[in-house]
Amino acid sequence: MSGADRVGVVGGGLAGLAAACVLAARGYKVVLFEKSPWLGGKAAVLSEAGFRFDMGPTILTVPSVLRRVFAEAGRDPDDYLDLVRLDPQWRCFFADGSVLDLVEDVEEMAAALDARAPGTRAGDGYRRFSALSQRLHRISDRYYFWKSIGGIRDMVDPKFGFSPSLLWDVLRMRMGRSVAGTVRKYNPDPQVAQMLDHFTQYVGSCPDQSPAVLCSIAHMQTTEGIWYPRGGTRAVPEALTRFGEELGVEYRTGTGVRRVLTDTAGRRVTGVETDAGEVVDLAAVVSNADAVRTHRELLAESAPSAARRFERRRGYEAACSGVVLYLGLSKRYDHLLHHGFVFSRDPHEEFEFIYRRGEPAPDPTCYLASTARTEPETAPSGGDALYVLVHTPYLRPHHDWAEMFPAYRRVILDKLKTTGKMPDIEDRIVFEAALTPRDIHDRYRVLDGAIYGLASHGRWRGAFKPANRSKDVAGLYLAGGAAHPGPGMPMVLMSGWIAADALDRDRVAGKSPAPAPEPVATA
């Protein structure tokens, strides 16, 4: 097969899988290269001692994005996945012993806040915040999502649907204002504000350094809900892999890519060279590798000028990293919901340490996923597969997590014992594993161990990541958490769709007639 008839995807994370499926559905011959022996990137699974843990993402929101990917071939993801809607969405534990559930219905949530603090009009503040979030989501859907965007100029380009209302809508995005300030304008209660701040933790960034437009995440979640795929979030890449196989995608696991090849001028993609030295001719490449590492490593030899232009365009800061504990418990805790947050006593101190000082917070927030209450098969009878994530700074040169981890593990367990109301947790642990920022860096080959790609810091530019269509090399497209529109399961799936759509629109590769995919058996 000639390179003109084939496109490549480098990396089999969620974005790479989505891009491969969309391209194959549109008639392209697709080959996907993945260095690891598994597909799905961070959406991997750990199965030991009768326990099963999702190793990476655990929260699935905005399922309409997944539906759009499958709709490319007229398919329904319900034929591939069994999704369970979770409501309440989170249970929040605070340092003073109080507990607050986040429910998806705005009126029900507002009533709960009024009952919690009578006479403070807390419910009305939440309603107004939700209305703002809805407006920001509408504007994002209109100008920001589903297209290759690298900055505000791309949003106002007439070819992306300029209208007289555009300027007014851009002004209403609250550029120059932060998530933290916007949240507190409507929700002065510090605990409610702390809960709402954590919508931005989906993108691994500091609320007081992130642009207010990210408040739109609240409406996305409360409108479309939080979902759990039976089999865990690992079921999502498995479904995409099966979908791609039916469409004819060629998956080459255990095959790393050493570099992306270009013409002699370094201006157009011509293929890839694998770690084994094999040269594969391709008409275009979608890179699901980290966007910064794509340029620093995969293009450094073949297109050094393009790599330098990318680096000069703006500064790229890694998002936060994290410590993950996988705790197999002999007995589950009945006071936990499927998802929960055990909050720090002082979010300002917590974020100061993580995002400004670059050190682990002395009193951190712990995110919990207690899966056995939704899917008992994740643990032996009566037990639980408890996933604990604590955000930490991205890797600094002086961080030695082999030395730091034992003491920080103690900090996390003490937090679960006290604020999390689990005083006997160590007695219940019968299996334990962990990931540190160094492990994440080495396992997933992401920038400085970042879980969420690039930070969304900067009140004016923080919402923008590198565009999906390369500005420097024709035929190169970027997908994943370090590309537009950013991290989180729905956003990386969307980035894969955008990269594939941009490639298709650019007509950089020929389409070949492909046999119709086999019919899907339904229950």
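Before going into details, it helps to say that this report is about the structure given with it. Everything quoted here is computed from the prediction, not taken from an experiment. Sequence positions are assigned chain by chain, starting from 1 and proceeding in written order. Local features in a predicted model are, by the rule used here, given only for residues with pLDDT of at least 70; side-chain atom pairs are given and counted only at 80 or more, and totals for whole chains, interfaces and linings are based on all residues. In computing side-chain properties, one takes all heavy atoms of the structure into account and sets aside hydrogens as well as water.

**So, the overall build of the protein**
Inference 1: The helix and strand labels rest on DSSP assignments: H or I over at least four residues marks a helix, E over at least two residues marks a strand, and numbering proceeds from the N terminus. A count of helical and extended segments in the protein gives 17 helices and 20 strands.
Inference 2: For the protein, whose C-alpha radius of gyration is 23 Å, the value lies close to the compact-globule estimate of 24 Å for 523 residues.
Inference 3: Considered along the principal axes of its C-alpha atoms, the protein spans approximately 65 × 60 × 55 Å.
Inference 4: Buried residues in the protein amount to 62% of all 523 residues.
Inference 5: Note on areas: these come from Shrake-Rupley sampling with a 1.4 Å probe, and a residue is covered only by the protein chains present in the view. For the protein, the accessible surface area stands at approximately 19800 Å², while carbon and sulfur atoms represent 51% of it.
Inference 6: We treat Lys and Arg as the positive residues and Asp and Glu as the negative residues; His and chain ends play no part in the count. For the purpose of locating charges, the reference atoms are NZ of Lys, CZ of Arg, CG of Asp and CD of Glu. On the protein, the mean spot of the 65 positive side-chain charges and the mean spot of the 65 negative ones are 6 Å from each other. All radius of gyration figures rest on C-alpha atoms, and the globule criterion is 2.2 Å times the number of residues raised to 0.38. Any residue under 20% of the maximum accessible area for its type is buried, any over 50% is exposed, and the rest in between are partly exposed; the area is computed with a 1.4 Å probe on protein chains only.

**What to know about the sheet that holds strand β13 (residues 279-281)**
Inference 1: Being paired, for any two strands, means DSSP has found at least two bridges between them. With antiparallel pairing, 3 strands are arranged side by side in an open sheet as β11-β12-β13. Strands at the two margins of the open sheet, each flanked by one partner only, are β11 (257-262) and β13. Mean inter-strand twist for the sheet, computed between neighbouring axes without regard to direction, equals 25 degrees. Here an angle of 0 to 180 degrees is reported between the N-to-C directions of two axes, which are lines fitted to C-alpha atoms, with helices fitted over the stretch in contact.

**Topic: helix α12 (residues 304-313)**
Each α-helix winds once per 3.6 residues, and so residues spaced three or four apart point in a common direction.
Inference 1: Every buried residue of α12 is listed here: Ala306, Ala307 and Phe310. Looking straight down α12, one finds its buried side chains confined to an arc of 100 degrees; they lie on one side.
Inference 2: Note on contacts: a residue pair is in contact if any heavy atoms of the two residues lie within 4.5 Å. The elements touched by buried residues of α12 are α11 (291-298). Arc definition: it is the arc formed by the directions from the helix axis to the C-beta atoms.

**So, the environment of tyrosine 477**
Inference 1: Note on placement: tyrosine 477 falls in strand β20 (residues 476-478).
Inference 2: Given a relative accessible area of 1%, tyrosine 477 falls into the buried group.
Inference 3: For tyrosine 477 and valine 285, which are 192 residues apart along the polypeptide, the C-alpha to C-alpha distance reads 6.2 Å.
Inference 4: Once you skip the residues sitting within four places of it in the chain, tyrosine 477 turns out to touch Ala284, Val285, Val286, Ser287, Asn468, Arg469, Ala499, Ala502, Leu503, Asp506 and Val508.

**Some remarks on the environment of tyrosine 408**
Inference 1: Among the secondary structure elements, tyrosine 408 is positioned in helix α14 (residues 401-418).
Inference 2: Contacts of tyrosine 408, omitting those with residues within four sequence positions, involve Val323, Pro360, Ala361, Pro364, Val390, Thr392 and Trp401.
Inference 3: By the criterion applied in these results, polar contacts are pairs of N or O atoms within 3.5 Å in which, for protein atoms, one can donate a hydrogen and the other can accept it, and in which residues neighboring in sequence qualify only through two side-chain atoms. A distance of 2.7 Å separates a polar atom in the side chain of tyrosine 408 from the backbone oxygen of alanine 361.

**Focus: the sheet that holds β20**
Inference 1: Spatial ordering of the open sheet is given by β10-β2-β1-β14-β20, a layout of 5 strands whose pairing is parallel. In the strand order of this sheet, the two ends are held by β10 (250-253) and β20, each with one partner. Sheet twist, expressed as the average angle between the axes of neighbouring strands with direction ignored, equals 20 degrees.
Inference 2: Looking at chain direction, strand β1 (residues 6-10) and strand β2 (residues 29-34) are connected through 5 bridges and run parallel. Residue pairing across strands places valine 7 opposite valine 30, the latter belonging to β2.
Inference 3: Against the sheet, helix α1 (residues 14-25) touches β1, β2, β10 and β14 (284-287), its axis set at about 165 degrees to β2.
Inference 4: Contacts between α11 and the sheet are confined to β1, β14 and β20, with β20 contributing the most and set at about 145 degrees to the helix.

**Thoughts on helix α8 (residues 190-197)**
Inference 1: Judged by how many residues are buried, α8 sits mostly within the fold: 7 of 8 residues are covered.
Inference 2: In this structure, the buried side of α8 is in contact with β7 (90-93), β8 (99-102), α3 (106-116), α4 (122-143), α7 (179-186) and α13 (347-357).
Inference 3: N-cap assignment for α8: the residue whose side-chain oxygen lies 2.8 Å from the backbone N of glutamine 191 is aspartate 189.

**Remarks on the packing of aromatic side chains**
Inference 1: For Phe, Tyr and Trp, rings pair up if their centres lie within 6.5 Å, where Trp contributes its six-membered ring, and each pair is then called stacked (planes under 30 degrees apart), edge-to-face (over 60) or tilted (otherwise). Inspection of the entire model under this criterion finds 21 aromatic pairs.
Inference 2: Considering the side-chain rings of phenylalanine 341 and phenylalanine 343, the 5.6 Å spacing of their centres and the 10 degrees angle between planes classify their relative orientation as stacked.
Inference 3: Exposure remark for phenylalanine 343: the relative accessible area of 0% places this residue in the buried category.
Inference 4: One aromatic cluster is present, formed by Phe51, Phe53, Trp90, Phe94, Phe199, Tyr326, Phe341, Phe343, Tyr367, Tyr387 and Phe431 through successive ring pairs.
Inference 5: The ring of tryptophan 146 is capped by arginine 68, whose NZ or CZ atom sits 4.0 Å from the centre of that ring. Definition used: whenever NZ (Lys) or CZ (Arg) falls within 6 Å of the ring centre and also within 35 degrees of the ring normal, the charge is taken to sit over that ring.

**Details of the pairing of strand β12 (residues 269-274)**
On a regular strand, one side chain projects to one face of the sheet and the next to the other, so that they alternate.
Inference 1: Where burial is concerned, most of β12 is hidden: 5 out of the 6 residues are buried.
Inference 2: Alignment of β11 against β12, held across 5 bridges, turns out to be antiparallel. Within the sheet, the bridge partner assigned to leucine 261 lies in β12 and is glycine 271.
Inference 3: Hairpin connection from β11 to β12: 6 residues lie between these consecutive antiparallel strands, with glycine 266 at a positive phi of about 70 degrees.
Inference 4: Two successive antiparallel strands, β12 and β13, enclose a turn made up of 4 residues, where glycine 277 displays a positive phi of approximately 95 degrees.

**Points about the packing of α4 against helix α9 (residues 216-224)**
Inference 1: Where α4 contacts α9, the axes come no closer than 7 Å and their chain directions differ by 95 degrees. As summarised for this structure, α4 and α9 are arranged roughly perpendicular, according to the angle between their axes. Seen from α4, the contacting residues are Tyr126, Phe129, Ser133, Gln134, Leu136, His137 and Ser140; seen from α9, they are Ser216, Ile217, Ala218, His219, Met220 and Thr222.
Inference 2: Classification convention: Asp, Glu, Lys, Arg as charged; Ala, Val, Leu, Ile, Met, Phe, Trp, Tyr, Cys, Pro as nonpolar; all other residues, Gly among them, as polar. The class makeup of the residues in the contact of α4 with α9 is 6 nonpolar, 7 polar and no charged. Note that the term roughly parallel is reserved for angles under 35 degrees, roughly antiparallel for angles over 145, roughly perpendicular for angles of 65 to 115, and oblique for everything else.

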